[in-house]
Amino acid sequence: MNGGAGDAASTAAVPEPLEWKFAQVFGEPAAGEEVQEVDIISAIEFDKTGNYLATGDRGGRVVLFERTDNRDNGPRRRDLERMDYSISKHPEFRYKTEFQSHEPEFDYLKSLEIEEKINKIRWCQTVNGALFLLSTNDKTIKLWKVQEKKLKKVCNMNIDPSNTMGNGTVGSTSIPISSKPCFENGGCDAKHFGCSINDFQFPSEGFSSLHLPAVTSHETSLQARCRRIYGHAHDYHINSISNNSDGETFISADDLRINLWNLEISSQSFNIVDVKPTNMEDLTEVITSAEFHPNHCNMLAYSSSKGSIRLVDLRQSALCDNHSKLFEVQEASGSRSFFTEIIASISDVKFAKDGRHILSRDYMTLKLWDINMDSGPVATFQVHEYLRPKLCDLYENDSIFDKFECCLSGDGLRVATGSYSNVFRVFGCSEGSTEAATLEATRNPMRRQAPTPSKPSRSLGLTRVVKRGTDNSGADTNGNSLDFTTKLLHMACHPTENSLAIAASNSLYMYYA
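It should be emphasised that the depicted structure is a prediction, and the values quoted were computed from it without experimental measurement.

Peer 1: Help me understand empty space enclosed by the protein, please; the structure alone is not making it clear to me.
Peer 2: Empty space among the atoms becomes apparent when a probe as large as a water molecule is rolled across them. Scanning the entire structure with this criterion turns up 1 cavity of 30 Å³ or more. Counted as a void, the largest cavity has a volume near 70 Å³. If you trace the largest cavity, you find it lined by W20, S409, R414, V415, A416, V426, C493, H494, E497, N498, S499 and L500. For the lining of the largest cavity, the secondary-structure elements that each account for two or more residues are strand 25 (414-418) and strand 30 (499-504). Looking at the lining of the largest cavity element by element, the count peaks at 3 residues for strand 25. A per-class count over the lining of the largest cavity returns 6 nonpolar, 4 polar and 2 charged.

Structure (structure tokens):
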């Protein structure tokens, strides 16, 4: 009896698979319209509240979106609470503003062109209603402040509008200009005005026509201003920036180094990780991604091209060359090939909101790690396993080097990542979940829905290993039906709700469940 009750309780604890629906799209091209290279989205990020969304593109622009559905809904919400049923409402966003963050540059010392493409965007803490965010291209990081400014206008001037000229200066008077002799220090001859200075007196009742001008506020406008420029600190291309939970510092990472910055100081940074060997011929791996722990300001994680994740504690030493924990998958004997290291390279790492788990994305899989267990991932989700027979072709057209991002839902129950043919995958990562949805970034996302996979397999050890999503997502076993030119590299999960933002070329798609 007790065992059956326990099984029923555990089954009830597994969340139901979500049905994802289309919410909004921004920048969707018309039929036959050609997409410009500079308009392709290259970065996307929600802020911590989920009320703002920022995207960056290859043209160096940052576009901000603001949530609109959570305003002035107090009475309506109370009415809905009295009903016996709930009405699901998805987050609605509107275009807020945009600004040019980076311009193309040229490094004359290295004869190198620096693209304006935005690599990463990270939100900072909001101060006095002003929005702050970091954006970076390959070499330079900038701190931006976006704030509403009220346009002020001076009214009720002591000037007759009919006697004013277009630029607001006083027009002609009754006295000809040629009859006004000039005196030093701004003096004048009072005789020209028909009276002497000594005879002039102010009336006791004053001048009724004189009054003080008034300053009035009219419509507001959004202004983006660059507050700091953090440059000249990276010899290689910046691949990651991440804010610290202390609200004062952030890190930036390139292929070989990770630097620690103070938001208020742009003239210097501290190198905390350096994997550059004395002899570059001895270089075996590079840094691919880095992120601060969401709660502990002394901890950060960074991934490498060999498929490993290192957890670093800043309290151990100033230069964190020695990691505190190492997470990697041990290779099976005899399974190594020419493509093993390429497909093992981790393109993105993300901490869960609680800081307990780390999500990593390599070319073939998504892996979920528990920071308290370094023996192996607690779950593995197959994303591109059906492409394994096509690795040679993928290597020839460079698709094997595509860097897909990943994200976790705010409740930590689901993970998501992108694929080819505008397809993205959503997996349930709670224990016992079999959720594995394949959706397409269109107005009808469910048309690429994959069949429910079989029951996930588990290891016999203490570490729970789940391998799901091995279906071919509507393609044949060789993946011939996939379009490798349309790929979803960038996406973000809403921090508090079941909502996804997907970047498909120059379009931003929003989905909810």
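Peer 1: Even after reading the chapter, I still don't get the sheet that holds strand 12 (residues 240-243), so can you show me in this structure?
Peer 2: Sheet strands pair by backbone hydrogen bonding; their relative direction is either parallel or antiparallel. One open sheet holds the 4 strands; their spatial order is 12-13-14-15, and the pairing between them is antiparallel. The open sheet has two free edges, formed respectively by strand 12 and strand 15 (265-274), since each of these has just one partner strand. Averaged over all adjacent pairs, the angle separating strand axes in this sheet is 25 degrees, with direction ignored. Relative to strand 14 (residues 257-262), strand 13 (residues 249-253) runs antiparallel, the two sharing 5 bridges. Across the sheet, residue A253 finds its bridge partner in strand 14, namely I258.

Peer 1: Looking at this structure, I do not really get the side chain of D47. What am I missing?
Peer 2: Here D47 lies in the loop between strand 2 (41-46) and strand 3 (52-57). At a separation of 2.9 Å, a polar atom in the side chain of D47 contacts the main-chain amide nitrogen of G50. Reaching out from D47, the side chain makes a polar contact with the backbone nitrogen of N51 at a distance of 3.2 Å.

Peer 1: Please clarify how a nonpolar patch on the surface should be interpreted in this entry.
Peer 2: Taken together, the side chains of V154, M157 and V215 make up a nonpolar region of the molecular surface, amounting to roughly 280 Å² of accessible area. When you line up the elements, M157 lands in the loop between strand 10 (141-155) and strand 11 (214-230).

Peer 1: What is the right way to read the confidence of the model for the chain from this model?
Peer 2: Should pLDDT be low for a region, the predicted coordinates there are not to be read in detail. In this model, the chain carries a mean pLDDT of 83, and residues with pLDDT of at least 70 account for 77%. Strand 8 (residues 120-123) holds the highest mean pLDDT among the elements of the chain, 98, whereas helix 1 (residues 2-13) holds the lowest, 49. For the stretch residues 476-480, pLDDT sits under 50, and the model shows 11 contacts to residues farther than four places along the chain or on other chains.

Peer 1: Would you mind going over the nonpolar core with me for this structure?
Peer 2: The tendency in soluble globular proteins is for nonpolar side chains to be buried as a group. Among the nonpolar cores identified, the biggest contains 17 residues, and F424, L500 and I502 are the most heavily contacted of them. Those elements that provide at least two residues to this core are strand 26 (423-428), strand 27 (436-440), strand 29 (490-493), strand 30 and strand 31 (507-512). Residue contributions to this core peak at 3 residues, all from strand 30. Dropping the residues within four chain positions of it, L500 is found in contact with W20, C407, A416, F424, V426, M491, A492, C493, Y509, M510 and Y511.

Peer 1: Explain the pattern of salt bridges to me, please; I cannot follow it from the model alone.
Peer 2: It is possible for side chains bearing opposite charge to pair when their charged atoms get close. Taken as a whole and judged by the stated rule, the model has 24 salt bridges. The partner of D313 in a salt bridge is R315, with the nearest N and O atoms 2.9 Å apart. We classify R315 as exposed; its relative accessible area is 64%. Between E385 and R388 there is a salt bridge, with its nearest N and O atoms 2.9 Å apart. Salt bridges sharing common partners tie together K110, D235, R257 and D274.

Peer 1: Can you help me understand the sheet that holds strand 5 (residues 93-100) in this one?
Peer 2: Ordered by their spatial adjacency, 4 strands build an open sheet running 2-3-4-5, and the pairing between neighbours is antiparallel. Bordering the open sheet on either side are strand 2 and strand 5, each of which pairs with just one other strand. Strand after strand, the sheet turns through a mean of 20 degrees between neighbouring axes, direction not considered. Bridge analysis of strand 4 (residues 61-67) against strand 5 gives 7 bridges, and the strand direction is antiparallel. Note on strand 5: the bridge partner recorded for E66 is R94.

Peer 1: Would you take a moment to explain the packing of aromatic side chains for this structure?
Peer 2: How two aromatic rings sit relative to each other is given by the distance of their centres and the angle of their planes. If you walk through the whole model with that rule in mind, you get 22 aromatic pairs. Measuring from centroid to centroid gives 4.9 Å for F106 and Y108, while their planes differ by 70 degrees, and the two rings are edge-to-face. Taking the relative accessible area as the measure of exposure, F106 reaches 37% and is therefore partly exposed. A connected cluster of aromatic rings, assembled from ring pairs, spans F22, F424, Y509 and Y511.

Peer 1: How should I be thinking about the side chain of E116 in this particular structure?
Peer 2: Here E116 shows up in the loop between strand 7 (112-114) and strand 8. Not counting residues up to four positions away in its chain, the partners in contact with E116 are R58, G59, G60, H102, E103, P104 and N137.

Peer 1: Looking at this structure, I do not really get the environment of I238. What am I missing?
Peer 2: Mapping I238 onto the fold places it in the loop between strand 11 and strand 12. Distance from I238 to K139, taken between C-alpha atoms, is 6.1 Å for residues 99 residues apart in sequence. Residues in contact with I238, not counting those within four places in the same chain, are N119, T136, N137, D138, K139, T140, I141, A253 and D254.

Conventions used here
Residues numbered from 1 in each chain as written. Predicted model: local features only at pLDDT ≥ 70, side-chain atom pairs only at ≥ 80, totals over all residues. Heavy atoms only, no water. 1 Å grid on protein atoms, 1.4 Å probe; cavity = no way out; pocket = protein on both sides within 12 Å on 5 of 7 lines; lining within 4 Å. Points joined across faces, edges and corners; volume = space filled by probe spheres on them. Helix = DSSP H or I, 4+ residues; strand = E, 2+ residues; numbered from the N terminus. Nonpolar A, V, L, I, M, F, W, Y, C, P; charged D, E, K, R; others polar. Pairing = 2+ DSSP bridges. Axes fitted to C-alpha atoms, helices over the stretch in contact; angles between N-to-C directions. Polar contact = N/O pair within 3.5 Å; in protein donor to acceptor, adjacent residues only side chain to side chain. Patch = residues over 30% accessible without salt bridge, like charges linked within 9 Å, V, L, I, M, F, W, Y side chains within 5 Å. Areas by Shrake-Rupley, 256 points an atom, 1.4 Å probe, with all protein chains shown as cover. Salt bridge = Lys/Arg side-chain N within 4 Å of Asp/Glu carboxyl O. pLDDT = per-residue confidence, 0-100. Contact = heavy atoms within 4.5 Å. Core = buried A, V, L, I, M, F, W, Y, C linked by side-chain atoms within 4.5 Å. Buried < 20%, exposed > 50% of the residue type's maximum accessible area, 1.4 Å probe, protein only. Phe/Tyr/Trp six-rings, centres within 6.5 Å; stacked < 30°, edge-to-face > 60°.

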